[in-house]
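Descriptive structure summary
As a plain string of letters, each chain reads:
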Amino acid sequence: MTITTAQGFRAAGVTAGLKASGRPDVALLVNEGPSDVAAAVLTSNRCKANPVLWSEQVLADHRARAVVLNSGGANCYTGPQGFQNTHATAELVAGTLGLGAIDVVVCSTGLIGEQLQQDKLTTGIERAVAELSATGGSAAAEAIMTTDTRSKESLRQGEGWCVGGMAKGAGMLAPALATMLVVITTDALVDAATADRALREATRVTFDRLDSDGCMSTNDTVLLMCSGASGVTPDAAEFGVVLTDVCHDLAQQLLADAEGAEHDIAIEVVNAASEDDAVEVGRAVARSNLFKCAVFGRDPNWGRILASVGTTSAAFEPAELDVAFNGVWVCRGGEPGEPREKVDLGERAVTVTVDLKAGAESATIWTNDLTHAYVHENSAYST
């Protein structure tokens, strides 16, 4: 169940010494075709890392043959030298594989504001090229980890074709997209327009609805590479469903590995006047540190939720709102409902339902609680 399960791909993950831990830190994925269609959704942060700036150029024509990823350094706010290093990385991969540099996407993750050790990265790339294989997907998934406690992989099968994916991310999970690197492969034969449309829709309802801590990264990349090696052209709608399923699975794995979290929280907003209203309300609740602390303390404090709902521009009548924790309706019509003592927040999974009673639309935002461990992890990150 890896990115190399799809026909036409080889991958590798190696140790180059970029991480002080000595763990794998360079990954390489090559699409051997026959198709080189690619699509991507990149961070909307105005402060973009050098690899994102480079990859925007590479993907302008919706084509790519390889992606090289490093952990152990974000290569962001590293000046002209940082961009030169990104370009040199693409040139090195291209030269060893017989490609053009403009065919090589570059991704980096790690600490902002420090130059990459280019000599080590060069050695790592050379080693990765030598170790490329059709079974190297899991090694690549391990090499892109930073504060992740485990690698994330997913696979779904179509009729004669498949979609596989890998992801990294364990904090700064917020819209557009999260502190994530995601690479998805398919051996389906799809055109550029179909790939781009399907990826953007899949991202919109999965990765873009993770909101762990309200913080947006500078390096976010979700990349889809299509080899066409199966020779099968699926129905566009079917392809979109399978792709979305892989993205959802990876998104949930990211949420489950959120730094220090003890609860995975699904905020379901129902009966909204529009999907946008539902998303806005769900996101407002997910951004409430008071709410997240309450869940950490196993306190079903629905007042925190209503206070957050009230900050939005969504259509609703304040005196008609209903709120439930894990199916227990603790607030009915803006008044106390079932006793909060009925709510058990001892399990990791928590579902909060907010009924706006304003329409028929719904949306779910996924977040996690705010814990002592999260504060420790992020206060000690750069050391």
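From a predicted model like this one, the values you see are computed outputs, not experimental measurements. (Residues numbered from 1 in each chain as written. Predicted model: local features only at pLDDT ≥ 70, side-chain atom pairs only at ≥ 80, totals over all residues. Heavy atoms only, no water.)

1. Looking at the packing of aromatic side chains
Defined as follows: To pair, rings of Phe, Tyr and Trp, with the six-membered ring standing in for Trp, must have centres within 6.5 Å; the planes then decide the type, stacked if under 30 degrees apart, edge-to-face if over 60, and tilted in the middle. Elements are defined by DSSP. Helices are runs of H or I of four residues or more, strands are runs of E of two residues or more, and each kind is numbered from the N terminus. The rule is simple: take the accessible area with a 1.4 Å probe, protein chains only, and divide by the maximum for that residue type; under 20% is buried, over 50% is exposed, in between is partly exposed.
Using the criterion set out here, one finds two aromatic pairs in the structure. Between Trp 161 and Phe 239, the aromatic rings sit 5.8 Å apart at their centres with planes inclined by 45°, giving tilted as the arrangement. One end of the pair, Trp 161, is in the loop between strand E6 (152-157) and strand E7 (162-168); the other, Phe 239, is in helix H6 (residues 236-256), with 78 residues separating them in the sequence. With respect to burial, Trp 161 and Phe 239 carry one shared label: buried.

2. Some words on the sheet that holds strand E4 (residues 66-70)
What counts, and what does not: Two strands are counted as paired when DSSP detects at least two bridges linking them. For every element, the axis is a line fit to its C-alpha atoms; helices are fit only across the contacting stretch, and the angle between N-to-C directions ranges from 0 to 180 degrees. The contact definition used throughout considers only heavy atoms, calling two residues in contact when any of these lie within 4.5 Å.
Read across the open sheet, the four strands follow the order E1-E2-E4-E5; overall the sheet is mixed. At either end of the open sheet lies a strand with only one pairing partner, and these are strand E1 (9-14) and strand E5 (104-108). Each strand axis lies, on average, 10° off the axis of its neighbour in the sheet, ignoring direction. Of the strands in this sheet, strand E2 (26-31), E4 and E5 touch helix H2 (residues 79-97), which is tilted by about 135° from E5. Against the sheet, helix H3 (residues 118-131) engages E1, E2 and E4, with an angle of about 135° to E1.

3. Describing the packing of H2 against H3
Which entries qualify depends on this criterion: Throughout, the term roughly parallel applies to angles under 35 degrees, roughly antiparallel to angles over 145, roughly perpendicular to angles from 65 to 115, and oblique to all others. Take the far helix as the reference: if the near one is turned anticlockwise from it by less than a right angle, the crossing is left-handed, and if turned clockwise, right-handed. Residue polarity is assigned by list, with Asp, Glu, Lys and Arg as charged and Ala, Val, Leu, Ile, Met, Phe, Trp, Tyr, Cys and Pro as nonpolar; anything else, Gly included, falls into the polar class.
In contact at an axis separation of 10 Å, H2 and H3 are set at 25° when each is read in the N-to-C sense. The angle between H2 and H3 falls in the class roughly parallel. You can see that H2 and H3 cross each other, and the crossing is right-handed. Contact with H2, carried on its side by Asn 85, Ala 88, Thr 89, Leu 92, Val 93, Thr 96 and Leu 97, involves Gln 118, Leu 121, Thr 122, Ile 125 and Val 129 of H3 and no other residues of that element. Taken together, the residues of the contact of H2 with H3 break down into seven nonpolar, five polar and no charged.

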